[in-house]
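# Breakdown of the fold
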Amino acid sequence: MKKILIVVDMQNDFIDGSLGSKEAVGIVDRVAEKISGFEGRILATLDTHHEDYLETPEGKKLPVPHCISGTGGWLLHENVLYALSDKDYKTIEKPTFGSTALVEELRRIREKEEIEVELVGLCTDICVVSNALLLKAYFPEMGISVDASCCAGVTPETHAAALETMKMCQIDIIGG
């Protein structure tokens, strides 16, 4: 069984940029350590928007420009990027919370071998939960876990609520 680490949206705007938080800053080193100690394939998602973000359905509900392609806020945090530098990893751009491109990448890998996945990153209550539930829907028999110690939500309360939601949907919560 091959294990794949999915690093969700560890981008500057979510850490200390336009949508950053002290909780997000607080997980950066743990995520970098997790990546450094991981042996195997890593997929890193990038929340990716464009200059017209405020005119999109998401931008109308969350009117804070963030992760605009090519900007500093869109880039992975330097500690995370450094940890990835000597690893077998691939980035996947995603235009919204859950990534169908991530599903397709895992489908390709699963055609060759059995896998299980672990998710870490930001934000627990938006993109981590969306991707975990999307993966559970597409691959109901695949082992899926989320390392709570390597995730942060918009608030500590919504982080905890997202973890509880994932647990109820039979996603393993570890590192709590």
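First things first, this report covers the structure right here in the doc. (Residues numbered from 1 in each chain as written. Predicted model: local features only at pLDDT ≥ 70, side-chain atom pairs only at ≥ 80, totals over all residues. Heavy atoms only, no water.)

One key point about sheets: their strands pair by backbone hydrogen bonds, in either a parallel or an antiparallel sense. Spatially, the six strands line up as an open sheet ordered β3-β2-β1-β4-β5-β6, and their pairing is parallel. A single partner strand is all that each edge strand has here, and the edge strands are β3 (89-94) and β6 (172-174). Across the sheet, the mean angle separating the axes of adjacent strands is 25° when strand polarity is ignored. Here strand β1 (residues 2-8) pairs with strand β2 (residues 42-47) via four bridges, running parallel. Bridging across to β2, Val8 finds its partner in Thr45. Where helix α5 (residues 100-110) meets the sheet, it contacts β1, β2, β3 and β4 (115-122), and its direction lies at approximately 145° from that of β3. Of the strands in this sheet, β5 (143-152) and β6 are in contact with helix α7 (residues 156-168), which crosses β5 at around 170°. (Pairing = 2+ DSSP bridges. Helix = DSSP H or I, 4+ residues; strand = E, 2+ residues; numbered from the N terminus. Axes fitted to C-alpha atoms, helices over the stretch in contact; angles between N-to-C directions. Contact = heavy atoms within 4.5 Å.)

Turning to the packing of helix α6 (residues 124-138) against α7, a few remarks are in order. Remark: α6 packs on α7, axes separated minimally by 9 Å, with the N-to-C direction vectors making an angle of 10°. Between α6 and α7, the angle falls in the class roughly parallel. On the side of α6, the interface is formed by Thr124, Asp125, Val128, Val129, Ala132 and Leu133, while α7 contributes Thr158, His159, Ala162, Leu163, Thr165 and Met166. Counted by class, the contact of α6 with α7 contains seven nonpolar, four polar and one charged residues. (Parallel < 35°, antiparallel > 145°, perpendicular 65-115°, else oblique. Nonpolar A, V, L, I, M, F, W, Y, C, P; charged D, E, K, R; others polar.)

On to the side chain of Thr48. Within the secondary structure, Thr48 sits in the loop between β2 and α3 (57-61). In terms of polar contacts, Thr48 uses its side chain to reach the backbone carbonyl oxygen of Leu46, at 2.8 Å. Looking at Thr48, its side chain comes within polar contact range of the side chain of Trp74, at 2.9 Å. The contact partners of Thr48, leaving out residues within four places of it in the chain, are Cys67, Ser69, Trp74, Glu93, Lys94 and Pro95. (Polar contact = N/O pair within 3.5 Å; in protein donor to acceptor, adjacent residues only side chain to side chain.)

Let us now look at the nonpolar core. Ranked by internal contacts, the top residues of the largest apolar core, which has 27 residues, are Ile6, Leu106, Val117, Leu119, Leu135, Val146 and Met166. Within the residue set of this core, elements represented by two or more residues are β1, α5, β4, α6, β5 and α7. When residues of this core are assigned to their parent elements, the largest contribution, five residues, is made by α6. Ignoring anything within four residues of it in the chain, the contact list for Leu106 reads Ile4, Ile6, Leu43, Ile115, Val117, Leu135 and Phe139. (Core = buried A, V, L, I, M, F, W, Y, C linked by side-chain atoms within 4.5 Å. Buried < 20%, exposed > 50% of the residue type's maximum accessible area, 1.4 Å probe, protein only.)

Time to look at the pattern of salt bridges. The final tally for this structure, using the stated rule, is 13 salt bridges. Notably, a salt bridge pairs Glu105 with Arg108, separated by 2.8 Å at the nearest N-O pair. Of the two residues, Glu105 and Arg108 are both situated in helix α5; the distance of three residues between them amounts to about one turn of the helix. On the accessibility criterion, Glu105 (7% relative accessible area) is buried. The exposure class of Arg108 is partly exposed, given its relative accessible area of 44%. (Salt bridge = Lys/Arg side-chain N within 4 Å of Asp/Glu carboxyl O.)

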